[in-house]
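# Descriptive analysis of the structure
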Amino acid sequence: MKKYSILLLLFMSLAWGCNDKAFLDKEPTNILIDNQIWGDKSLVLSVIADLYDRVPEYQTLTNWSEFASLDEGFASNGGDYWRHKNQEYGYGEWSNWDYGLIREVNLFIQKCGTADKLDPADKAQFLAEGRFIRANIYFELVKRMGGVPIILEPLTYDFNGDPTYLRKPRSKEVEVYDFIIKELDEIKADLPKSSVIKSRATQGLILAMKSRVCLYAASIAKYGANTPTVTLPGGEVGIAAGLANGYYQKALAAAEDLINSGDYSLYRKKENLSENFSNLFIDKGNNPEAIFVRDFKLKSGKVEGWTLVNQPWSQAEDLEGGRLNPSLNLVQSFEKLDNTYETYATNKADGDYIYFNSPKDMFANRDARLEGTVMLPGSFYKGKQLDIWAGFLLADGTVIKGDNFGARKTLPGKTAAEYVVGFDGPIDNLEFSAQSGFYVRKYMDLAVGSGQRGVNSEVWWIRYRLGEIYLNAAEAAFELGNVTKAATYMNKIRERAGLIIPLTEADITFDRVVHERKVELAFEGHELWDMKRWRLAHIIWNGQSTELTSKPGKYDEVSTRVFGMWPYKYYNPGGANDGKYVFQKIIPAQVTNAHRFRLGNYYSDINSTIRNNNPLITRNPNQE
Amino acid sequence: MKLQLIIILGIISSFLYSCGLDNYDAPGSKLEGRLVYNSEPINVSYNDVTFQLWEPGWQKKAEINVAVDQDGSYSALLFNATYKLIVPSNQGPFRSKTNTVTGSDTILVKVNGNQVLDIEVEPYYMIRNAQFAVAGRVITGTFKAEKIITGINAKNINEVAIYVNKTMFVDFRSNVASAKLAGSALTDLNAISLNTTVPALTPAQTYVFVRVGLKIQGVEDMIFSPIVKVNL
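### Considerations on the overall build of chain A
When you go through chain A residue by residue, the secondary structure sums to 19 helices and 14 strands. Taken along its principal axes, the extent of the C-alpha atoms in chain A is 115 × 75 × 50 Å. Within the span of chain A, comprising 624 residues, buried residues form 47% of the whole. A separation of at least 24 residues holds for 69% of the contacts in chain A among residues at least 6 apart in sequence.

### Some words on the overall build of chain B
The number of helices and strands found in chain B is one helix and 18 strands. For chain B, whose C-alpha radius of gyration is 24 Å, the value lies well above the compact-globule estimate of 17 Å for 232 residues. Projected onto its principal axes, the C-alpha positions of chain B cover 85 × 50 × 25 Å. A sequence separation of at least 24 residues applies to 66% of the contacts in chain B between residues at least 6 apart.

### Some words on the interface of chain A and chain B
In this assembly, 13 residues from chain A lie in contact with eleven residues from chain B. Counted by class, the side of chain A that touches chain B contains four nonpolar, seven polar and two charged residues.

### Notes on the packing of helix H8 (residues 203-223) of chain A against helix H14 (residues 466-479) of chain A
Residues and elements named next belong to chain A. At a minimum axis separation of 10 Å, H8 and H14 run at an interaxial angle of 35°. Considering how the two elements wind past one another, H8 and H14 form a crossing that is left-handed. Contacts between H8 and H14 pair Ala 208, Ser 211, Arg 212, Leu 215, Ala 218 and Lys 222 from the former with Ile 469, Asn 472, Glu 475, Ala 476 and Glu 479 from the latter. Taken together, the residues of the contact of H8 with H14 sort by class into five nonpolar, two polar and four charged.

### Comments concerning the environment of Ser96(B)
All names here are of chain B. Structurally, Ser 96 can be placed in strand S7 (residues 94-96). For the pair formed by Ser 96 and Asn 175, sequence separation is 79 residues and the distance between their alpha carbons is 30 Å. Beyond its immediate sequence surroundings of up to four residues, Ser 96 is in contact with Val 87, Asp 105 and Val 121.

### Overview of helix H1 (residues 2-22) of chain B
Residue pairs spaced three or four apart in an α-helix point in one direction, given the helix's 3.6 residues per turn. Its 21 residues give H1(B) an end-to-end C-alpha distance of 30 Å, which sits within 8% of 30 Å, the value for a rise of 1.5 Å per residue. Burial analysis of H1(B) places just zero of its 21 residues in the buried class, which makes it a mostly uncovered element.

### What to know about the sheet that holds strand S8 (residues 399-400) of chain A
Residues and elements named next belong to chain A. Ordered by their spatial adjacency, four strands build an open sheet running S8-S7-S13-S14, and the pairing between neighbours is mixed. Unpaired on one side and paired on the other, S8 and strand S14 (581-586) mark the two borders of the sheet. As paired elements, strand S7 (residues 392-394) and strand S13 (residues 564-571) share three bridges and run parallel to each other. Its bridge partner lying in S13, Leu 393 is registered against Tyr 570.

### Let's talk about helix H9 (residues 244-261) of chain A
Residue and element names in this part refer to chain A. The first and last C-alpha atoms of H9 sit 26 Å apart over 18 residues, in line with the 26 Å expected at 1.5 Å per residue. For H9, the set of buried residues is Ala 244, Tyr 247, Tyr 248, Lys 250, Ala 251, Leu 252, Ala 254, Ala 255, Leu 258 and Ile 259. The secondary structure elements touched by the buried residues of H9 are H8 and H14. Of the residues trailing H9, Gly 262 is marked for its positive phi of about 75°.

### Topic: the domain arrangement of chain A
Many authors give the size of an interface as the accessible area that is lost as the parts come together. Residue and element names in this part refer to chain A. The domains assigned to chain A are domain 1 (39-56 + 96-156 + 165-176) and domain 2 (192-295 + 460-525). One C-alpha centre belongs to domain 1, the other to domain 2, and the line joining them spans 25 Å. Taken together, the contact between domain 1 and domain 2 spans eleven residues of the former and ten residues of the latter. Counting residues per element, the side of domain 1 that touches domain 2 draws most heavily on helix H6 (residues 120-145), which supplies five residues.

### Some words on the sheet that holds strand S12 (residues 138-147) of chain B
Residue and element names in this part refer to chain B. In spatial order, the strands read S11-S12-S15; together these three strands make up an open sheet with antiparallel pairing. For this open sheet the edge positions go to strand S11 (125-135) and strand S15 (192-197), each flanked by a neighbour on one side alone. Neighbour to neighbour, the strand axes of the sheet diverge by 20° on average, direction disregarded. Strand direction decides the pairing type here: S11 and S12, joined by nine bridges, are antiparallel. Bridging across to S12, Tyr 125 finds its partner in Lys 147.

### Observations concerning the nonpolar core
Membership of the largest hydrophobic core comes to 155 residues, with the highest contact counts inside it found for Ala217(A), Ala251(A), Ala473(A) and Ala474(A). Counting residues per element, this core draws most heavily on H8(A), which supplies 13 residues. When residues of this core are sorted by domain, at least three fall in each of domain 1 (39-56 + 96-156 + 165-176) and domain 2 (192-295 + 460-525) of chain A. Not counting residues up to four positions away in its chain, the partners in contact with Ala473(A) are Leu252(A), Ala255(A), Glu256(A), Ile259(A) and Tyr489(A). Residues Val87(B), Met126(B), Val210(B) and Phe224(B) belong to the second largest nonpolar core, which totals 43 residues.

### A look at the domain arrangement of chain B
Residue and element names in this part refer to chain B. Considered domain by domain, chain B is made up of domain 1 (29-122) and domain 2 (125-231). One C-alpha centre belongs to domain 1, the other to domain 2; they are set 26 Å apart. Facing the 13 residues of domain 1 at the interface are 14 residues of domain 2. Of the residues contributing to the side of domain 1 that touches domain 2, the split by class is six nonpolar, four polar and three charged.

What counts and how
Residues numbered from 1 in each chain as written. Chains lettered and ligands numbered in written order. Predicted model: local features only at pLDDT ≥ 70, side-chain atom pairs only at ≥ 80, totals over all residues. Helix = DSSP H or I, 4+ residues; strand = E, 2+ residues; numbered from the N terminus. Buried ≥ 20, exposed ≤ 12 C-beta atoms within 10 Å, placed from the backbone. Contact = placed C-beta atoms within 7 Å. Rg over C-alpha atoms; globule rule 2.2 N^0.38 Å. Nonpolar A, V, L, I, M, F, W, Y, C, P; charged D, E, K, R; others polar. Axes fitted to C-alpha atoms, helices over the stretch in contact; angles between N-to-C directions. Left-handed = near helix turned anticlockwise from the far one by under 90°. Expected span 1.5 Å × (residues − 1). Pairing = 2+ DSSP bridges. Domains from an automatic or database assignment. Core = buried A, V, L, I, M, F, W, Y, C linked by C-beta atoms within 7 Å.

Structure below.
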């Protein structure tokens, strides 16, 4: 018994030996806690870097396939053909309700506000950046959902069994836009005025964003009148028409502020205008046009695979590529150098083909942005010529083509087999081949290795650039009736693209405004939002299987299916046209249905889980 | 040995029996009917027009969406209960009528066994007397568009169209031939005529399905005539 007592005492003394406070109160080694972060500028920077990176985006470098959801491109990838087979867009498409992210940003703002160990100037900048990110998220929300609840502090549940006090109703759409504009105005002074900073908020970015936000609000107010049923009685969706002019004026003023500040300039570094335009997107050294970007860096883990997934098959550095094929709908929209629109003529009036010595001749004398945006048959990438041709066309009209990249067959009258299709296709139903006849060039990296899975690319994604700001200014000026100004701004952009005959005041119409944005900003993630705010989406994607338009400069032409154009080599030994190229317009076999954007798609569905959790949330119109 | 087998069989059959005890019966009462105006069915395009059934009394609220078929008919398998039926605004080429019982657009439906219920709505237009004539491969449709809602709530015609398809799905999405006429080009609503040429069909087919449709300004869904099978 005594023995046990001694043992027991021994154990108790061991237990006493621990210092409970130090033992149980350990600093975690896997996360950083608040007072560690808020005392160190570089740690705060990494927190805000994470928030910058999480702002939702629709079409961007890291999800190429969304560019094929509309009419700019065809998805040459087995898993994405459904994008061309859908009968309609779902009401839930494009929806976003990430209040978890907003809560994190609100926490950041709250904690930054009470941090006392930071340098006051740094603190003011961080605070402004937090509010910028929040405004940016609300902009992404209002574009998708209309008016949403504006939550400005982190909400915390007190576990009393009744969460109803956390329920907030939707604000009016106009209130959300006004909130964003107010925030931008308030934080501007706290941000650096520097055009060298590209991936953080600057004063230039505030002006750029303000011009875009005001333009969206203005056009919803103006063109919303065309779709009276796309409104809610409480104003959660829809903006009163009378407010349009005020927003247009703000948009114009913000854009002009930025243009006249001289901090940014249009990118002009290359003699060749097409090369100049494509370089604008991949040149990260001292780029004067980029205002705000999402940056990437090789060997850092944050790289993007745009070049990998879209590289031409004939020179692919890995076993994939060629996914996004620009549509003929887009390619034919680029004007001729004399400012006229013209669809591509493949046949003469008598029905015979038009013969070209080089496939590139078909695209001669066009807007330089065409080649800067699209890889055309016969053009070069990474110093090597593309190999886009669909087969041999015989004089009797038969076509000899293969079913794999660079397939070989024996032509009639010959004994040896030879290539009967290019190494880039186009071959129907063969993924990675140029099924529309084109590959995309915008944002394609020229660095060696950028097409390898293990390397990828560090080309950045430009979210705001001066080119768009000129077009924002032109559109706002046009809507305010100042066509002189609109022409001046639009000509600036067009001149860089080689369209040196200036547009006159009489030329400036709504057609021009829509068209210029389409060709300048293709594959930059603008199309959906533009078509939504102009209330054109349900007109141009009306669900009807219409032929390709012959009027590419008209704003309301139906464009529900993506078309392509394939070059063929003409085979007629001894004939005058032997070896020349002819073209055929096609519709890829995988395009089986027409896009249909219904009135209920203008504002995405707020799903029933959200509405059940918070009955104050009203449903978006036309979705029942 | 025999006893063991009997016990095992008994256990298995009790499992099977308990399934029946644990689970609800599947909804078995069929509610069906048509969307009608003065007992005439409203023809619409497939998957476009729906109405909602709500069963009150549950914690979470979610509607049952019932799709209306091309000939205006619908059907739904339901539990026996009282449902609220709502035709949402902006849905279909019509507006809903005020129900005399509820004083709103809500209709109370007491489901108890199979039931037929025609829902009265008020279309902006009705297509009357659609006739189709075939000459070679040209199909001509003639019809009368009757304006039902007049006065302050009246809406104009956006366009009228004729659609031809190989199958019984005939509308603006599903067609092999179509022709349109803008509403502003219509001179006489009592005699509208449209024609279209049927292209060569593969595989060859000696008949097609055809109907005419009418799009109302500011209304998304079209109203159609009944689908007619015509021999070429």
